[in-house]
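Read off the chains here:
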Amino acid sequence: MIEKQYLLNSRQVAEFVARGFLRFDELVPDEINQAAMTAFDAGGIQSYPAGTPLSQCYPEPSPIGRMLRMPEIQGIIHSLVGPDPLFDHHAIHVRQPNEGKAQGMHGDSIIDTRMHFDIQIMYFPHDVPLEMGGTLLVPGSQYRRINEMDIARYQNFVGQIPMVCKAGSILVLHHGIWHCGRQNQTDRKRYMYKIRLNPRVRQYRLWNTDDLDEAKGESQPIFAGEKRSDIQAILAQREPWFEDGEGRLEIVNRIKQWRFLTGDDNFDVHYWLTRLENMPENRLEMA
Ligand SMILES: [Fe+2]
């Protein structure tokens, strides 16, 4: 059982729903980072058959097991995909020194329109300065479902974020987010460990929902420059790549995801989804 203090709160989960990722800087202690680097240098880590419960993977003394069993990481996993999810696959991504090329922008992997989502945890065991490339993300892209490398011809996106971080940092991603590994322009190897996890339970209120009602907020338009931190404001935040700066389609997709996660079928941001659900042709009474 996970202690409540390690679970995400409603605002954090709303941030994940809005932007498709959460970032936790310098979460993993250096002792585990060093042990992971040693294991990677030695040629890798054991894999498991897809569909194995995570609790059966990485027994002691695996440094990856120690990282994944940290209460903070267990809390993140539980909050998004529930107890003991399934191991899907993992990879140690290596960018060679001065490799001279980058990975094309992509989604993992084919078009997948489920409301249920998998998460991918990315673990950066050493410092990643900008010249080392890091993983590049397009925040909020997770509902623009794409097929693998469909978008690989594009090199840069407005609003993209390079993962520049200190050792021990963690990224948690929605499976649909657009991302790629950037070119490593240093004379050192870059490592990034990734694991994909599948939920085994309905993704319904798996986080610490104590703040859910308080954080919900008012369904009022948000004015430019207005500072609000409630869930409606979090789900209404714009990304620089949104059409006309507004991105209603993305926000409606976020509302649908939030309703799915909370079971609150009346939740809306402004009136944008409720309007689409108004179907007077289905009413029996005549005006
Ligand atoms: Fe990928």
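Residues numbered from 1 in each chain as written. Predicted model: local features only at pLDDT ≥ 70, side-chain atom pairs only at ≥ 80, totals over all residues.

Trainee: Which residues make up the domain arrangement of the protein, and what values do they have?
Mentor: Domain boundaries in the protein define domain 1 (4-198) and domain 2 (215-280). Placing the centre of domain 1 and that of domain 2 at their C-alpha centroids yields a distance of 27 Å. (Domains from an automatic or database assignment.)

Trainee: How would you explain the environment of K194 if you had to name every residue and give the values?
Mentor: Within the secondary structure layout, K194 lies in strand β9 (residues 190-198). With 18 C-beta atoms packed within 10 Å, K194 lands in the partly exposed category. Taking the C-alpha atoms as reference points, K194 and I92, 102 residues apart in sequence, are found 6.4 Å from one another. Not counting residues up to four positions away in its chain, the partners in contact with K194 are H90, A91, H93, Q120, I121 and M122. (Helix = DSSP H or I, 4+ residues; strand = E, 2+ residues; numbered from the N terminus. Buried ≥ 20, exposed ≤ 12 C-beta atoms within 10 Å, placed from the backbone. Contact = placed C-beta atoms within 7 Å.)

Trainee: An account of the sheet that holds strand β8 (residues 179-181) is needed here, citing residue identities and associated values.
Mentor: Taken in spatial order, the three strands of this open sheet run β6-β5-β8, and their pairing is antiparallel. Two strands lie at the open edges of the sheet, namely β6 (161-162) and β8, each paired on one side alone. Bridging between strand β5 (residues 135-137) and β6 involves two bridges; their strand directions are antiparallel. Directly across from L137, in β6, lies its bridge partner I161. (Pairing = 2+ DSSP bridges.)

Trainee: Can you break down unusual backbone geometry residue by residue, with the values?
Mentor: Cis geometry is adopted by the peptide bond preceding P61, which originates at E60 and carries an omega value of 5 degrees. Counting through the fold element by element, P61 comes out in the loop between β2 (52-53) and α3 (63-68). Following D108, the chain continues to S109 via a peptide bond in cis, the omega torsion being -5 degrees. Here S109 shows up in the loop between β3 (86-95) and β4 (119-124).

Trainee: Tell me about the nonpolar core, residues and numbers included.
Mentor: If you look at the biggest cluster of nonpolar residues, it comprises 59 residues, and the most contacted ones within it are V172 and L235. Viewed by domain, this core spans two of them, domain 1 (4-198) and domain 2 (215-280), each represented by three or more residues. Contact partners of V172, with chain neighbours within four places excluded, come to F21, L22, I76, L80, I119 and I121. (Core = buried A, V, L, I, M, F, W, Y, C linked by C-beta atoms within 7 Å.)

Trainee: So what's going on with the pairing of β9? Residues and values would help.
Mentor: The side chains of a regular strand alternate between the sheet's two faces. As paired strands, β3 and β9 are joined by nine bridges and run antiparallel to one another. Bridge assignment links F87 to a residue of β9, and that residue is L197.

Trainee: Got a sec to walk through the packing of helix α1 (residues 10-19) against helix α7 (residues 248-262)? Specific residues and values, please.
Mentor: With their axes 9 Å apart at the nearest point, α1 and α7 run at an angle of 140 degrees to one another. With respect to α7, the axis of α1 lies oblique. When the axes of α1 and α7 are compared, the crossing they make is right-handed. Taking contact as the criterion, the partners of V13, A14, V17 and A18 in α1 are, on α7, R254, Q257, W258 and L261. Grouping the amino acids of the contact of α1 with α7 by side-chain chemistry returns six nonpolar, one polar and one charged. (Axes fitted to C-alpha atoms, helices over the stretch in contact; angles between N-to-C directions. Parallel < 35°, antiparallel > 145°, perpendicular 65-115°, else oblique. Left-handed = near helix turned anticlockwise from the far one by under 90°. Nonpolar A, V, L, I, M, F, W, Y, C, P; charged D, E, K, R; others polar.)

Trainee: I'd like a description of helix α2 (residues 30-41), backed by residues and values.
Mentor: For α2, with 12 residues, the first-to-last C-alpha span of 16 Å sits near the 16 Å given by 1.5 Å per residue. Within α2, the full set of buried residues consists of N33, A36 and F40. Across the axial projection of α2, the buried residues extend over an arc of 65 degrees, all falling on one side. Turned more than 90 degrees away from the buried face of α2, the exposed residues are E31, T38 and D41. Where α2 is buried, its residues meet α3, β3 and β9. At the exit of α2 stands G43, carrying a positive phi of roughly 120 degrees. (Expected span 1.5 Å × (residues − 1). Arc of directions from axis to C-beta.)

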